[in-house]
Amino acid sequence: KPRIYSGMQPSSGSLHLGNYVGALMQWRELQAEGEAFFSIVDLHALTSAKDPKVLRQQVRTLAAQYIAGGIDPEASCLYVQSHVAAHSQMAWLLSTITGFGEASRMTQFKDKSAKEGVEAANVGLFTYPILMAGDILLYDTDLVPVGGDQKQHVELTRDLAERFNKRFGKTFRVPKPHILGETARIMDLQDPTRKMSKSAETDKGIIWLLDEPGKTVKKIKSAVTDTDGSIRVDAENKPGVTNLLGILSAFTGRPIDDLVAEFDGQGYGAFKGAVAEAVIDELSPIRDRTLDLLDDPAELDRILDANAERASAVADATLDRAMVAMGLR
Ligand code: TYM
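Everything numeric in this text was worked out from a predicted model, so none of it was measured.

A tally of regular secondary structure across the chain gives 13 helices and 5 strands. Its C-alpha atoms give the chain principal-axis dimensions of about 70 × 45 × 40 Å. Put simply, of all contacts in the chain between residues at least 6 apart along the chain, 75% involve residues at least 24 apart. Of the roughly 15000 Å² of accessible surface on the chain, 51% is carried by carbon and sulfur atoms. The average position of the 38 basic charges and that of the 46 acidic charges among the side chains of the chain differ by 4 Å.

Given below as structure tokens:
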């Protein structure tokens, strides 16, 4: 059985459609096929300043969304990164075999630090992919289901695993990214040339899982398209329509060609209506279930505590192996 590992940051009150389609949908499918670990990466979230009370609440809200979105916390290990001490320790070990230049080439760091300038960025933002590599390697992971924006980080993880094994003897399993082509990059509905991201300037083009259904319908109906009128895939000239086709395909499970055959010629209004309906049908029950789960925070905490123990058992053993291999302990 393959080991599956992935995680998300508790960095806003709600997941967005990109997180849902790019990650959570795949997790749900893969969890039946292997032994899965899904983390809430609160240590990563510290790289952008957080109010402690808000962070704690966002961790619970994310846990509730994982469960409401179909992650079974009995079958899969759903836990919080900071509850397992091995993550921080592994990050240090791996940082000593990561090149400064290598880390400097991570595009997400370049993008994020460019906003305020490299001088103002915290060092955690720079070493963030190393912490992520440790997350993955601690669990002897085979597959890492993520969106396209995390590909470079998974590749760094593979490089570090291979380098470590070569230098210190076979210690880590070398993981593979699991990225679905069509949904790897869900775009912002108002600016479909940019990926949907919580750091966008306005949230008019972002569908939040926990938004009220009426708001979601409005956002989809006012998605930016073009004046050409045809419904087909053309990422270059028709990024808005192409994005909506990808979303509709993800939510209906139907191939894009089928959708094009059905909707081309019907006009954007009818097409957007169908997208909105498919999205709402799936997301509103998840929203309701999330809100229900949040009514019982003690039960959520119980689940997270129990799973932290399961995760620690696996992670501690790997950390120990790595330390011994390096001449520690
Ligand atoms: P994060 O929290 O930014 O995003 C969570 C997941 O959502 C995917 N995603 C998208 N997919 C498609 N279209 C989009 N517009 C879109 N936006 C986000 C991301 O690719 C990701 O899969 N560094 C990671 C968290 C992490 C992690 C890990 C992931 C920490 N340790 C170990 C896997 C394994 C991050 O910040 O994801």
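Right, picking up where we left off after that structure.
As a matter of local geometry, the ligand sits amid 28 residues, with Tyr128, Asp135, Gly147, Asp149 and Ile186 nearest to it. Measuring from an oxygen atom of the ligand, one finds a side-chain N or O atom of Asp149 at 2.4 Å. At a separation of 3.0 Å, a nitrogen atom of the ligand approaches a polar backbone atom of Met196. Burial of the ligand by the protein amounts to 97% of the accessible area it has alone, namely 710 Å². At the level of secondary structure, the elements contributing two or more residues to the shell around the ligand comprise strand E1 (3-8), helix H1 (17-30) and helix H7 (123-138). Residues of the shell around the ligand, tallied by class, amount to 12 nonpolar, 11 polar and 5 charged.

Taken together, the side chains of Asp288, Asp292, Asp295 and Asp296 present a region of like negative charge at the surface. If you trace the backbone, Asp288 turns up in helix H12 (residues 268-294).

Take the packing of aromatic side chains next. Scanning the entire structure with this criterion turns up 11 aromatic pairs. Ring centres of Tyr20 and Phe251 lie 5.8 Å apart, and the angle between their planes is 25 degrees; on these two criteria the pair is classed as stacked. With Tyr20 in helix H1 and Phe251 in helix H10 (residues 239-252), the pair connects residues that are 231 residues apart, well separated along the chain. Per residue, the accessibility class of Tyr20 equals that of Phe251, and both read buried. A centroid spacing of 5.0 Å and a plane angle of 75 degrees characterise the contact between Phe109 and Phe126, whose relative ring orientation is edge-to-face. Placement of the pair is Phe109 in helix H6 (residues 107-116) and Phe126 in helix H7, with a sequence separation of 17 residues. Residue Phe109 shares its accessibility class with Phe126, and that shared class is buried. Three or more aromatic residues joined by ring pairs make a cluster, and in this case those are Tyr5, Phe37, Tyr79 and Tyr139.

The nonpolar side chains of a soluble globular protein tend to be buried with one another. In this structure, Leu17, Tyr20, Tyr66, Phe251, Phe271 and Leu283 are the most contacted members of the largest nonpolar core, which totals 58 residues. Here this core takes 9 residues from H12, the largest share from any one element. Both domain 1 (3-179 + 297-325) and domain 2 (213-291) contribute no fewer than three residues apiece to this core. Counting residues in hydrophobic clusters, the runner-up holds 36 residues, among them Ala86, Ala103, Val154 and Ala315.

Direction vectors running N to C along H6 and H7 enclose 165 degrees, while the axes themselves pass 9 Å from each other. Between H6 and H7, the angle is such that the two are roughly antiparallel. Crossing hand, H6 versus H7: right-handed. Judged by residue contacts, Gln108, Phe109, Lys112 and Ser113 of H6 engage Leu125, Phe126 and Tyr128 from H7. Residue composition of the contact of H6 with H7, by class: 4 nonpolar, 2 polar and 1 charged.

Reading the values: rules and limits
Throughout, residues of each chain are indexed from 1 in the direction in which the sequence is written. Only residues with pLDDT of at least 70 get local features here, since the model is predicted, and only at 80 or more are side-chain atom pairs given and counted; chain-wide, interface and lining totals rely on the full set of residues. In computing side-chain properties, one takes all heavy atoms of the structure into account and sets aside hydrogens as well as water. Each helix corresponds to a stretch of at least 4 residues labelled H or I by DSSP, and each strand to a stretch of at least 2 residues labelled E; elements are numbered beginning at the N terminus. Whether two residues are in contact is decided by their heavy atoms, any of which lying within 4.5 Å being enough. We get accessible surface area from the Shrake-Rupley algorithm with a probe of 1.4 Å; when it comes to residues, only the shown protein chains can shield them. Charged-residue counts in this description rest on Lys and Arg as positive and Asp and Glu as negative, His and the chain ends being excluded. Charge positions come from single atoms, namely NZ of Lys, CZ of Arg, CG of Asp or CD of Glu. Throughout, the term near means that a residue has one or more heavy atoms lying within 4 Å of the molecule or strand in question. We define a polar contact as two N or O atoms separated by no more than 3.5 Å, with the added condition that, inside protein, one atom must be a possible hydrogen donor and the other a possible acceptor, whereas residues neighbouring each other in sequence contribute only through side-chain atom pairs. Side-chain classes are defined by residue name, with Ala, Val, Leu, Ile, Met, Phe, Trp, Tyr, Cys and Pro counting as nonpolar, Asp, Glu, Lys and Arg as charged, and the others, Gly among them, as polar. The patches reported here contain residues having more than 30% relative accessible area and no salt bridge. Joining distances are 9 Å for like charges and 5 Å for nonpolar side chains (Val, Leu, Ile, Met, Phe, Trp, Tyr). What makes a salt bridge here is a side-chain nitrogen of Lys or Arg within 4 Å of a carboxyl oxygen of Asp or Glu, nothing more. Any Phe, Tyr or Trp ring, taking Trp's six-membered ring, that has another such ring centre within 6.5 Å forms a pair; planes under 30 degrees apart are called stacked, those over 60 apart edge-to-face, and the others tilted. Remark: exposure states derive from per-residue accessible area (1.4 Å probe, protein chains only) relative to the maximum for the residue type, with buried under 20%, exposed over 50%, and partly exposed in between. Note on terminology: a nonpolar core comprises buried Ala, Val, Leu, Ile, Met, Phe, Trp, Tyr and Cys residues joined through side-chain atoms within 4.5 Å. These domain limits were set by an automatic method or by a database of domain assignments. Simply put, an axis is a line fit to the C-alpha atoms, just over the touching stretch for a helix, and the angle between two N-to-C directions goes from 0 to 180 degrees. Oblique is the label for any angle not under 35 degrees, not over 145, and not in the 65 to 115 range, which are roughly parallel, roughly antiparallel and roughly perpendicular in turn. Each crossing gets its handedness from the near helix: less than a right angle anticlockwise from the far helix is left-handed, clockwise is right-handed.

Don't take any of this as a statement about function, it's just geometry.
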